[in-house]
Structure formats: C-alpha cells, structure tokens
Amino acid sequence: MKRTHHCNELRPAHIGQVVALSGWVHSRRDLGGLIFIDIRDREGRTQTVFDPSDLSKEIFERASGLRSESVISVTGKARQRPAGTNNPKIATGEVEVMATALEVLNQADVLPFPVDDPEVSSKVNEELRLQYRYLDLRRPEMARNFRLRSKVATATRVYFDEQGFLEVETPILFKSTPEGAREFLVPSRVHPGSFYALPQSPQQFKQILMVAGVERYFQLAKCFRDEDQRADRQLEFTQIDLEMSFIEREDIYNLVEGLLKRVWKTALNMDIPTPFKRISFEEALNRYGIDKPDTRFGMELADFTEEFRASTFKVFSGAIANGGVVKALNAKGLAGATQGQIETMTEYAKSFGAKGLAYIKVENGEWKSPIVKFFNDGEKGALTKKLGIEEGDLILFAADQWLTACEILGKIRLYSADVLKGQGKLSIPSDRFDFLWVVDFPLLSFDKEQNRWYSSHHPFTAPVAEDIPLLATDPKKVRGQHYDVVVNGMELGGGSIRIHQPDVQKTIFEQLLQIPPDTVKARFGYMLEAFRYGCPPHGGIALGFDRMIAILCGTPSIRDVIAFPKTAKGTDLMAESPTPVEPKQLRDLHIELKVGRKE
RNA sequence: GGGGGUGUAGCUCAAUUGGUUAGAGCGCUGCCCUGUCACGGCAGAGGUUACGGGUUCGAGCCCCGCCACUCCCGCCA
C-alpha cells in the first residue's frame, strides 16, 4: 500500500502514528542540513521533514535531488511541529511527517510552466495550458472546477431520479437532418456513400421516447455542432436534456426551477428564490433590446415613437413614417465617454444595419449633441421625463424597424454597462443571479434572403393553441410554446411544448417551412409515423451543462470546465487532432480526398 | 468568411518609440546553509524577438505576407 492517509488528513490526533503519504512534490525547501518536502495530492498538502540524523545518507541525498512534481511516497511518524513553526495557511499545518523512507515513484522533468504558484500559473498562455492539459488540471483552481462539475452532475441525476425520470442513452451515430446547425458526418464503411451524423441534440430520440411511453426522460447528453466557436461554445458539449409527457409549460418551469435550486444549493450553498420572473419576448426586446436580458442593472430602453412622429428631425420622423420606431437609452453617467468609445458604439450600431448612432451628452447643464437643435421643447421634455435625464448622462438613440432598433440599443446597453464597470460607476455583486423565463417567442421568423419562414426555435415546437388559426393567415403573429431560461444575460437553456399531432407537424414542415414532401418523408418520416401510433402530448428543455458549470465557477470560458477542450479552430493541442489518415482507411470508407495531404 | 488583440529566455513580463553587447523576477544548474513553508546567500547557463520577405547605414520596434492562440460579427433549426 502506497498510502495510509491523504495529504489533507493529518491532524494533531494522528501524532505518534506511522503514516505513508503519496503524491506530488509540491515544494522543496533544502536548508542543507535539513530538507522540507511538501507532498501534495488532490486533497491538500502535508509537510514532510528529512533529518540526516535519523536517516541513511542515501535517502537524504535522494530527497535533496527531488524535483518539483515528481511522484513520491514518504513513510514516517506524524508528529507535532516544534513550537512556533506551525503553518496556519494549510489545514495540516500543525503536524509534519518525520520521514524514514522515501520512494520515488516517478521522476519528473522540469515542467514547462509552474503549477504550484497560483499567481503565475493562472496567467500562463492558454495555448501552453491546453498543450499540457494534465499539468493545467493539477492546478487547484482547475481541480476545484472539476470537482464542482462532478458534484453538480450527481446532484442532477439524484434530482431527476427523485422526480421519477429515467436516464436513457441515445445514439451518437445518428442520421443527417440538415435543418439546424452544421453536422459532423461519419462515413459508413458498410454502406458506401452513406453517412451517419453526430447529433446536434437528442431532440428526435427524446420525442420518440415519449411515444415509447417513457414519460419522463433525462440525459447528460453529448451534443455536436460543427459551427465556429466562442468562449461559451465548443464543437462538442454537454446538455442536461429532458422530456416529459402529459404536461404543460408550467410543469417544465416548476421542474427546472427545482433543479436549479438544487444545483445552486449544492454548488454554492445558495438558496435561489423561485418561481423565476417571466418576461415575454416582446417585452424583453422593448425593455432590454435582447431576448436574454441581463436584469442586474437598469438602463432600460424607452420608446419615443409617438413623441417624434411629427418631429422636424427627419431621421426620426422618416424612420417612423417607414413603419419603424424611435428608441432611446440613458447610459447613466457616461457623458464623459471618449470620442473613441462613441466611435466604437457607432461602429457596433452600424454592424447591425444602423446608419449611425445619435447621442446627447449632458454636461455642465447643457445638452451637447449634433441633433439637439432639431428638438422642440415638448420633445426635450418627454426625453427628460421618460429617461430621467440628469447631469452626466449619455443618451443614445436608434431609429429603425422595431426589432433592429431594439437590438442595436440592446448591444449598446451591454457595452455601456461594461464601460461603466470599468470606470467603477457600476458594480454588480459576483454572487447575484437574476434568473428569468423568457416566453411567448414568435413561432416563425422570416428569412428575407431566402424569402421563406423558418422556425425560431425548432420545427417541433407547438404553437400557442389560440394562435393556431393565424398559421394560415398571419404566421408572424403566431406565438410558440417555447421558453428560455436566462441568468444574468446568459441563455442557460431553452425548450418547448412539442407538436404531438402528425397533421400539424406536417403542415409546419410542408406549408410553412416549405420543405418538399419527399424531403420531409426522408428526414422525418419515421417521426411523423410514430406520432400516428399513440403520441402523448409532451415537451421538454435542454440546459447547457458546461455553461452552467462555468457560471457556477465564475469563469467566462467553458474551456475552464471541460477537461479536454478544443481551441477556437477546433484543434486539440495536446493530442494534436484532427489529423490526416492513412490511404487504406479512406479506401475502406470509400472516400477520395480533393485536398492534398499536408506534410 | 470578416474585424480586433496577442506572440521577446522554460514561465510572467520589460526594452526610453528605429540606435551599440535584448534586460528583470521566478524557474533551471553548481556551491554554501539544521526549522523552512514565496526559505535564504553566492555564482552560472539560458534568446533564430512565432515564421518568411521588404524598407533602412542600422529593425524586437516600420511595411508586406504567413502561422498559432484569443475575443467579437456572420454562423449556432
């Protein structure tokens, strides 16, 4: 046996016992005639002492030659540290182990970067951390993330088990249904020219499981999407996926609120209040300019369409005449914004199709703005009243179609908040979590370029019952039974009540989404058929597990909570994937390359 | 596909804005040191300034290209 205790276990009660510790050399303090080795395992660390008066010369010399991060086993007697030498910084700081034996289990080379110094190692270039991920993961901050991830996964499973859910594994080798995200394809050896696809989500299988009578399904499901990545998006990621039969939206809200309550209690020992607030898609856009609002600070958008309908300022009145709106935002205290910051905001606005970004700086009791000369007293009064304008404020305007105007100011609102945070004028406690449900999404959105409707969520989402007649007459007014759960401006998950009537599903596919009937049959025929043989009403949701863990760990990147993440370009710097393959492998798969092999 | 940022010793960073031999801390190597815990002291090694071109008397610094990492837009039913 290599150890009797772990490295965060020894206390004064163990004094006098002969113990064996195994772990990594955390630090070595060689005083010449006396050597201290801190030995570390995943639980903590303990000081061991090598005193030549009690030891063979050979062992003492072996100790003096030890390098950081070598793996060793030390045997010796636990004892009280001499008076005045306790180390209050570590839990084992009252005791030490007088070494009588030392075994070097693995001699470590000099490390490419330090893992024992949190100050330095947290700043190490991420490229290097990913290349030597096994060293990076030894850092206590990373180890803590993965311990938390594991605890939350377990709490999730326990919760769903208590709620009567079955965990069912669905296939990783699925079929291509190129409706949503780009898929990863897997060539079939047995069926030349045919491919599997990795699932973007287990959506179709979980609905089929409802037809199968499972009633309550969940899974910590691996999902794959071949899209460009972000700090919160990886090619492969994990969802808490669930589906229930014989339920309505309220049942999902209830269930998910219970889950998140349990998770936050488990991870952070926090009691989050439920039920969560609810806000409609329309209200979210009107007030926050985004469908996943961060409600931890104000600076809400206000509407001035009526006030400027007859304005002499043609940019505003003209936009309104075109069916658009005028919206404004008070970036409180940002009048001191630099020209560069205004420039950045303007560029930002332009990237959303805005022609410019009108603004008013309120400084020294004066409205400084290129456009204020066009405003009459009534318009100025309305602005002051609705926006609560005070000295030092920066007012920003968007005049455009409703959705565009809202989204522009939504982005500007978040940008302004970041600037204010940087100036110390806005601070949000790190333990504040504003959860809310966003509901009443439009079922369909219109793609101008392709001149057709597409599903806002996915094509299996049920319309709100009273809106069904509008499908034929005014599709854009139809609300879907879709819901997103949002925390602090981040989308944590989304789902819907599904269509469980094959004729409604067929109408959505063929008449609204304009997918040709034979394509519908080829891609979704088995689902439509399944729905004909007794399909219960059902619905579900999927929560981004990696994102949730990142939020709980307080890190902006999900790479910090995924053991072996990929880079932004989709490579694994440690294992060095992807790679070319042998010609024989390609021949077996009936694949011929059109690119030269890189050497 | 597009835009921004970064790249200098093993690691983290500097280099007076184009000027002589590219520095510091940590780490590493050697020597000294019996109560340290960021141990201490002395000495030393370590550089294709990511890479390839160009401008210049002279380039880490300017220009062009390229690679990698990263953030964002597009994309993510």
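Residues numbered from 1 in each chain as written. Chains lettered and ligands numbered in written order. Predicted model: local features only at pLDDT ≥ 70, side-chain atom pairs only at ≥ 80, totals over all residues. Heavy atoms only, no water.

1. Thoughts on the overall build of chain A
Then comes step 1: The helix and strand inventory of chain A stands at 17 helices and 22 strands.
Then comes step 2: Each principal axis of the C-alpha distribution contributes one length, and for chain A these read about 95 × 75 × 55 Å.
Then comes step 3: For chain A, restricting intrachain contacts to residue pairs at least 6 apart in sequence, the fraction spanning at least 24 positions comes to 68%.
Then comes step 4: Accessible area for chain A stands at about 30000 Å²; split by element, carbon and sulfur atoms hold 51% of it. (Helix = DSSP H or I, 4+ residues; strand = E, 2+ residues; numbered from the N terminus. Contact = heavy atoms within 4.5 Å. Areas by Shrake-Rupley, 256 points an atom, 1.4 Å probe, with all protein chains shown as cover.)

2. Topic: the sheet that holds strand β17 (residues 435-439)
Then comes step 1: One open sheet accounts for eight strands, arranged β6-β9-β10-β22-β21-β20-β17-β11; its pairing is mixed. A single partner strand is all that each edge strand has here, and the edge strands are β6 (166-167) and β11 (277-280).
Then comes step 2: As paired strands, β17 and strand β20 (residues 482-487) are joined by five bridges and run antiparallel to one another. Opposite valine 438, over in β20, you have aspartate 484 as the bridge partner.
Then comes step 3: Running over the sheet, helix α8 (residues 281-288) touches β11 and β17 and is turned about 85° from β11.
Then comes step 4: Together, β10 (236-245), β20, β21 (490-497) and β22 (538-544) form the strand contacts of helix α16 (residues 545-553), whose direction differs from that of β10 by roughly 110°. (Pairing = 2+ DSSP bridges. Axes fitted to C-alpha atoms, helices over the stretch in contact; angles between N-to-C directions.)

3. A word on the packing of aromatic side chains
Then comes step 1: Going through the model one piece at a time under the given rule, you end up with 26 aromatic pairs.
Then comes step 2: Between phenylalanine 308 and phenylalanine 375 the ring centres are 5.1 Å apart and the planes differ by 55°, which places this aromatic pair in the tilted class. Taken together, the residues phenylalanine 308 in the loop between β12 (301-303) and α9 (314-321) and phenylalanine 375 in the loop between β15 (366-368) and α11 (377-387) connect sequence positions 67 residues apart.
Then comes step 3: Residue classification places phenylalanine 308 among the buried residues on the basis of a relative accessible area of 0%.
Then comes step 4: We classify phenylalanine 375 as buried; its relative accessible area is 6%.
Then comes step 5: A centroid spacing of 6.0 Å and a plane angle of 85° characterise the contact between phenylalanine 460 and phenylalanine 509, whose relative ring orientation is edge-to-face. Within this pair, whereas phenylalanine 460 is found in the loop between β19 (452-455) and α13 (470-473), its partner phenylalanine 509 is found in helix α14 (residues 502-512), the two being separated by 49 residues in sequence. For the pair formed by phenylalanine 460 and phenylalanine 509, the shared burial category is buried.
Then comes step 6: Grouping aromatic residues by their ring pairs yields a cluster made of Tyr253, Trp264, Phe276, Phe433, Phe435, Trp437 and Tyr483.
Then comes step 7: Against the face of phenylalanine 304 rests lysine 386, its NZ or CZ located 5.0 Å from the ring centre. (Phe/Tyr/Trp six-rings, centres within 6.5 Å; stacked < 30°, edge-to-face > 60°. Buried < 20%, exposed > 50% of the residue type's maximum accessible area, 1.4 Å probe, protein only. Lys NZ or Arg CZ within 6 Å of the ring centre and 35° of its normal.)

4. Re the domain arrangement of chain A
Many authors give the size of an interface as the accessible area that is lost as the parts come together.
Then comes step 1: The domains assigned to chain A are domain 1 (12-106), domain 2 (144-278 + 435-561) and domain 3 (297-422).
Then comes step 2: Using only C-alpha atoms to locate each centre, domain 1 and domain 2 end up separated by 52 Å. (Domains from an automatic or database assignment.)

5. Let's talk about the nonpolar core
Then comes step 1: With 63 residues, the main nonpolar core has Leu260, Trp264 and Met548 as its most contacted residues.
Then comes step 2: Sorting elements by how many residues they give to this core places helix α7 (residues 249-268) first, with eight residues.
Then comes step 3: Sequence-distant contacts of tryptophan 264, that is, excluding residues within four places in its chain, are made with Asn269, Met270, Ile272, Phe433, Phe435, Met548, Ile551 and Leu552. (Core = buried A, V, L, I, M, F, W, Y, C linked by side-chain atoms within 4.5 Å.)

6. Points about the protein's contact with RNA strand B
Then comes step 1: The full set close to RNA strand B counts 50 residues, and Arg79, Thr85, Glu96, Glu227 and His457 are the nearest of them.
Then comes step 2: Contact distances for RNA strand B include 3.3 Å between a base nitrogen and a backbone N or O atom of glycine 32.
Then comes step 3: In this structure, arginine 233 approaches RNA strand B through a side-chain N or O atom, which is 2.9 Å from a base nitrogen.
Then comes step 4: Mapped onto the surface near RNA strand B, the elements with two or more residues apiece are β1 (18-30) and α3 (126-131).
Then comes step 5: At three residues, the largest contribution of residues to the surface near RNA strand B is made by α3.
Then comes step 6: Broken down by class, the residue content of the surface near RNA strand B amounts to 16 nonpolar, 14 polar and 20 charged. (Near = heavy atom within 4 Å. Polar contact = N/O pair within 3.5 Å; in protein donor to acceptor, adjacent residues only side chain to side chain. Nonpolar A, V, L, I, M, F, W, Y, C, P; charged D, E, K, R; others polar.)

7. With respect to the pattern of salt bridges
Then comes step 1: Overall, the coordinates contain 47 salt bridges when judged by the stated rule.
Then comes step 2: With a closest N to O distance of 2.7 Å, glutamate 162 and arginine 262 form a salt bridge. In this pair, glutamate 162 sits in helix α5 (residues 140-162) while arginine 262 sits in helix α7, placing the two residues 100 residues apart along the sequence.
Then comes step 3: On the accessibility criterion, glutamate 162 (48% relative accessible area) is partly exposed.
Then comes step 4: Taking the shortest distance from any N to any O, the salt bridge between arginine 523 and glutamate 179 comes out at 3.2 Å. Linking arginine 523 in helix α15 (residues 517-530) with glutamate 179 in the loop between β6 and β7 (185-187), this pair joins segments that are 344 residues apart in sequence. (Salt bridge = Lys/Arg side-chain N within 4 Å of Asp/Glu carboxyl O.)

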